[in-house]
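A look at the structure
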Amino acid sequence: QQDYNDAFVMLKLSGEDGAERWRHKISVQSASYPIHSTGEILPDGIVFSDAGGNSPRLVKLSGSDGHETWRYGEASLSHPIKAMLLDESSNSIFSDGEVVAKVALLNGAEIWIAPRSAESLLREPSGDILAVNFPHAALLSTATGQQIGEFDFMPGSGSCSRFSMD
């Protein structure tokens, strides 16, 4: 019997009989679990934010046995991750409130990082990313992280007061 005091645990259960397939201890203060566009957790593993004390990071676990396959951010993230989503290739796009970054699903390599304050992220039908820090939002290219548009919202109305494309 393992002791998981004060930690959270990621479990993989069998879809057939509910039996535990693997267990991985994590130290999560705030977490995001991106869901693939099919509505399923990534079939080849899960990417999540693990606060790990004072060292926020992204961690990917193998879907087959739960071992850690990579981690990102211990040297480059200064705040816990506030928002995370997946692009069309299941790469992770996330914000820690000061930057928005894209990390490769395969190996955790940084694809791009953009200095952008964002409390939430939304994926547009085009695949581009809306980085929202209300009442402002920036439209970022999912390919490069470059800003390609911006919005200002009128507080209390929910309507857009200004829109521009770069």
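Provided above is the structure to which this section pertains.
The present account deals with the structure reproduced in this document. Because the structure is a prediction, the values reported are computed rather than measured. (Residues numbered from 1 in each chain as written. Predicted model: local features only at pLDDT ≥ 70, side-chain atom pairs only at ≥ 80, totals over all residues. Heavy atoms only, no water.)

Some words on the pattern of salt bridges
Threshold: The rule for a salt bridge is simple: a side-chain nitrogen of Lys or Arg has to be within 4 Å of a carboxyl oxygen of Asp or Glu. The numbering of helices and of strands both runs from the N terminus, where a helix is a DSSP run of H or I of at least 4 residues and a strand a run of E of at least 2. Accessibility here uses a 1.4 Å probe with only protein chains present; expressed as a share of the type maximum, an area under 20% marks a residue as buried, one over 50% as exposed, and anything in between as partly exposed.
Counted under the stated rule, the structure contains three salt bridges. Where Glu20 meets Arg23, a salt bridge forms, and the shortest distance between an N and an O atom there is 2.8 Å. The closest approach of N and O atoms between Asp87 and Lys102, which form a salt bridge, is 2.8 Å. Here Asp87, found in the loop between strand 6 (83-86) and strand 7 (92-95), pairs with Lys102, found in strand 8 (residues 99-103); they are 15 residues apart in sequence, far enough to count as distant. A relative accessible area of 4% means that Asp87 is categorised as buried. The exposure class assigned to Lys102 is buried, which follows from its relative accessible area of 6%.

Let's talk about the pairing of strand 4 (residues 57-62)
Condition: The rule for pairing is simple: two strands pair if DSSP sees at least two bridges between them.
When you tally the buried positions in strand 4, you get six out of six residues, the bulk of the element. Relative to strand 5 (residues 68-72), strand 4 is paired through four bridges, and the arrangement is antiparallel. What sits directly across from Leu58, in strand 5, is Tyr72. Counted along the chain from strand 4 to the antiparallel partner strand 5, the turn is five residues long, and its residue Gly66 has a positive phi close to 80°.

Points about the environment of Asn107
For the record, the criterion: What qualifies as a polar contact is a pair of N or O atoms within 3.5 Å, subject to a donor-acceptor requirement within protein and to the restriction that residues adjacent in sequence count only when both atoms come from side chains.
For Asn107, the position within the fold is in the loop between strand 8 and strand 9 (110-115). Linking Asn107 and Tyr72, residues 35 residues apart in sequence, is a C-alpha distance of 9.4 Å. Here Ala109 takes part through its backbone nitrogen, which lies 2.9 Å from a polar atom of the side chain of Asn107.

Examining the nonpolar core
This is how it is decided: Here, nonpolar core means buried Ala, Val, Leu, Ile, Met, Phe, Trp, Tyr and Cys residues that are tied together by side-chain atoms lying within 4.5 Å of each other. Any two residues whose heavy atoms approach within 4.5 Å are treated as being in contact.
Ala83, Leu85, Ile93, Val100, Trp112, Ala114, Ala118, Leu121, Ile129, Ala131, Ala138 and Leu140 together form the largest nonpolar core, which totals 12 residues. Of all the elements in the fold, those that place two or more residues in this core are strand 6, strand 9, strand 11 (129-133) and strand 12 (136-140). Setting aside chain neighbours within four positions, we find Ala138 in contact with Arg116, Ile129, Leu130, Ala131, Gln147, Gly149 and Glu150. Counting residues in each nonpolar core, the second largest holds eight residues, with Trp70, Tyr72, Ile81 and Phe94 among its members.

Describing the sheet that holds strand 8
Operational definition: A fitted line through C-alpha atoms serves as each axis, taken over the contacting stretch for helices, and the angle formed by two N-to-C directions is quoted from 0 to 180°.
One open sheet holds the four strands; their spatial order is 6-7-8-9, and the pairing between them is antiparallel. Of all strands in the sheet, those bounded by a partner on one side alone are strand 6 and strand 9. Strand after strand, the sheet turns through a mean of 15° between neighbouring axes, direction not considered. Relative to strand 8, strand 7 is paired through four bridges, and the arrangement is antiparallel. From the neighbouring strand, Phe94 faces strand 8, where its bridge partner is Ala101.

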